[in-house]
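Letter by letter, the chains look like this.
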Amino acid sequence: MESVIDAPTLEAVREQVIESASFSPGHHTAAGRAREVKHNLQGIATDSTIKGVTRLLEKALLAHPVFRAAARPRKLARMLISRYEEGMGYGSHIDAPAIDGVRTDVSFTLFLSAPDEYEGGELVIESGAGEDAIKLPAGALVCYPSSFLHRVDPVRQGTRLVAVGWLQSEVRSVEQRSLLFAMDTALARLREAPDDRRALDELANVRANLQRMWME
Ligand SMILES: O=C(O)CCC(=O)C(=O)O
Ligand SMILES: [Fe+2]
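Residues numbered from 1 in each chain as written. Chains lettered and ligands numbered in written order. Predicted model: local features only at pLDDT ≥ 70, side-chain atom pairs only at ≥ 80, totals over all residues. Heavy atoms only, no water.

## Things to note about the packing of aromatic side chains
Inference 1: This structure, assessed with the given rule, holds one aromatic pair.
Inference 2: For the ring pair Phe67 and Phe108, a centre distance of 5.5 Å and an interplane angle of 85 degrees mean the geometry is edge-to-face. Of the two residues, Phe67 sits in helix α4 (residues 65-71) while Phe108 sits in strand β9 (residues 106-111), which places them 41 residues apart along the sequence. Just as Phe67 is buried, Phe108 falls in that class too.
Inference 3: Lying across the ring of Tyr118, Lys135 places its NZ or CZ 4.4 Å from the centre.
Inference 4: Here Arg160 stacks its cationic end above the ring of Tyr84, 4.9 Å away from the centre of that ring. (Phe/Tyr/Trp six-rings, centres within 6.5 Å; stacked < 30°, edge-to-face > 60°. Helix = DSSP H or I, 4+ residues; strand = E, 2+ residues; numbered from the N terminus. Buried < 20%, exposed > 50% of the residue type's maximum accessible area, 1.4 Å probe, protein only. Lys NZ or Arg CZ within 6 Å of the ring centre and 35° of its normal.)

Okay, here's the thing in structure tokens:
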């Protein structure tokens, strides 16, 4: 998802975090196996800069139409600001089933550093189809099912700054959520251009997948 926050907000967030936020070792906020493989720095939740910045980012995300359509947030868990310096990474793990009493259906990473500010540090998501190595422009976001194994490869040079978060979705099933998202996207395109072929094909695909889901 490109640019979920506008450039001035991104710049303000980066400046505040870099200049005045306090960080502590990331394993303090991890549970279970994730604790052993988590090697990063985490913005301290009670730090006033971190509080202000995460509040601002939450507001921007909840107002973003594509994020809303893809994740269908019902409840957001607290967001974290994470920093990975040279040599830091986060080994393969799945996220805790609940965070702050919020069932984790969707995990997301909002990139605050530009890709040319660090080497390595890809977010690698393992799905049934294999591995996907993700490194997006500053201000862009990726969301994925919290049940997928994922890791952050070691940063070889520079600093990787991200905001990460989790949410409970109003549609719990990944499959159902992605069908709704495909339909919403196709419908939005057809409202703009009623003869959009690709949008029609997408609706036909959704229909086929619904039939497969429902037929005996
Ligand atoms: O830094 C990231 O992009 C993801 C970190 C992560 O997997 C987590 O905090 O659980
Ligand atoms: Fe994670």
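## Overview of the UniProt feature "binding site: 2-oxoglutarate" (unreviewed entry) in the protein
Inference 1: Taking the UniProt record as the reference, the feature "binding site: 2-oxoglutarate" (unreviewed entry) is found at Arg160.
Inference 2: Of note, Arg160 is situated in strand β16 (residues 160-169).
Inference 3: Arg160 has contacts with Ser82, Arg83, Tyr84, Thr109, Phe111, Ser113, Tyr118, Gly121, Leu123, Val152 and Val155, leaving out every residue within four places of it along the chain. (UniProt positions renumbered as here; feature names shortened; annotations may be inferred. Contact = heavy atoms within 4.5 Å.)

## As for the site of ligand 1
Inference 1: Lining the immediate surroundings of ligand 1 are Tyr84, Tyr90, His93, Asp95, Thr109, Leu123, His150, Val152, Arg160, Val162, Val164 and Trp166.
Inference 2: Separating an oxygen atom of ligand 1 from a side-chain N or O atom of Tyr84 is a distance of 2.8 Å.
Inference 3: At 3.0 Å, a side-chain N or O of His150 approaches an oxygen atom of ligand 1.
Inference 4: Compared with its free state, where it exposes 300 Å², ligand 1 has 98% of that area covered by protein. (Near = heavy atom within 4 Å. Polar contact = N/O pair within 3.5 Å; in protein donor to acceptor, adjacent residues only side chain to side chain. Areas by Shrake-Rupley, 256 points an atom, 1.4 Å probe, with all protein chains shown as cover.)

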